[in-house]
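# Fold and geometry: a report
Okay, here's what each chain looks like letter by letter:
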Amino acid sequence: MAYAETTNEIIASTLASGILILDAKSRNEKRRLATGESWINNIRLSNDGKYLMGYNGKGENFVWDIFNNYERMVYPESFTGGLIRFGTSNKLYHSGYDKMVIWNLENHTITTEKMNQGRLVDVDDANNKLLIHRNKFTMQSATGDTTKTISKKHPDWPYYESGKDTIY
């Protein structure tokens, strides 16, 4: 689910009905968005609330322009892949585990950056990036330099100590 503050809408992804757009005040359904052959289990809004995005279980990317009546955006033919991860007012970020593709909506260009620290989860106003790979979080500056890496196991994961034949 997501809340679009600028339009006062609740956006919910469902298994059978695509994405439902609900008026937050009246709770009435305003529209439905199709999500291809599968559902989208993680919808996101761009940081400025202009775009709704996600990818379905078949790896198909979806981006809708909220202020243009939820029109689905058509990807350029030169687009090289990746899954939609994040959006700003003028850029859509797609990534996998080895590259990041940035679609600049203002000048209609696509750039690709090599990545080996994980998948993109956030971008700040200065274009610094936060990446995650399993238990490792990496902060990467706008220039591509790694500024900090934090590794942590989840405290509830079982840990086996072989010398004592014990599981914690």
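This structure is a prediction, so every number in the text was calculated from the model and none was measured.

## Thoughts on the overall build of the chain
The secondary structure content of the chain amounts to zero helices and 18 strands. When burial is assessed residue by residue, the chain has 36% of its 168 residues classed as buried. Considering only contacts within the chain whose residues lie at least 6 apart along the sequence, 26% involve residues at least 24 apart. Carbon together with sulfur atoms contributes 49% to the accessible area of the chain, which is approximately 10400 Å² in total.

## Digging into the environment of His108
Take His108: it is sitting in the loop between strand 11 (99-104) and strand 12 (109-114). Distance from His108 to Lys91, taken between C-alpha atoms, is 9.6 Å for residues 17 residues apart in sequence.

## So, the environment of Gly49
Assignment of secondary structure puts Gly49 in the loop between strand 5 (44-45) and strand 6 (51-55). A residue is classified by how much of its surface remains accessible, and Gly49, at 13% relative accessible area, is buried. In this structure the C-alpha to C-alpha distance between Gly49 and Gly87, which are 38 residues apart in sequence, comes to 9.2 Å.

## Topic: the side chain of Ser46
The topology assignment puts Ser46 in the loop between strand 5 and strand 6. One polar contact links Ser46 to Asp48, side chain to side chain, over a distance of 2.6 Å. One polar contact links the side chain of Ser46 to the main-chain amide nitrogen of Lys50, over a distance of 3.1 Å. Each residue touching Ser46, except ones within four places of it in the same chain, is listed here: Tyr51, Met53, Gly87 and Thr88.

## Focus: the packing of aromatic side chains
In this structure the tally under the stated criterion is four aromatic pairs. Ring geometry for Tyr75 against Trp103: centres 5.0 Å apart, planes inclined by 40°, an arrangement best described as tilted. Of the two residues, Tyr75 is situated in the loop between strand 8 (71-72) and strand 9 (83-87) and Trp103 in strand 11; the sequence distance between them amounts to 28 residues. By the burial criterion, Tyr75 is buried, and Trp103 matches it. Aromatic ring contacts, followed pair by pair, group Tyr75, Phe79 and Trp103 into a single cluster.

Quick notes on the rules
Residues numbered from 1 in each chain as written. Predicted model: local features only at pLDDT ≥ 70, side-chain atom pairs only at ≥ 80, totals over all residues. Heavy atoms only, no water. Helix = DSSP H or I, 4+ residues; strand = E, 2+ residues; numbered from the N terminus. Buried < 20%, exposed > 50% of the residue type's maximum accessible area, 1.4 Å probe, protein only. Contact = heavy atoms within 4.5 Å. Areas by Shrake-Rupley, 256 points an atom, 1.4 Å probe, with all protein chains shown as cover. Polar contact = N/O pair within 3.5 Å; in protein donor to acceptor, adjacent residues only side chain to side chain. Phe/Tyr/Trp six-rings, centres within 6.5 Å; stacked < 30°, edge-to-face > 60°.

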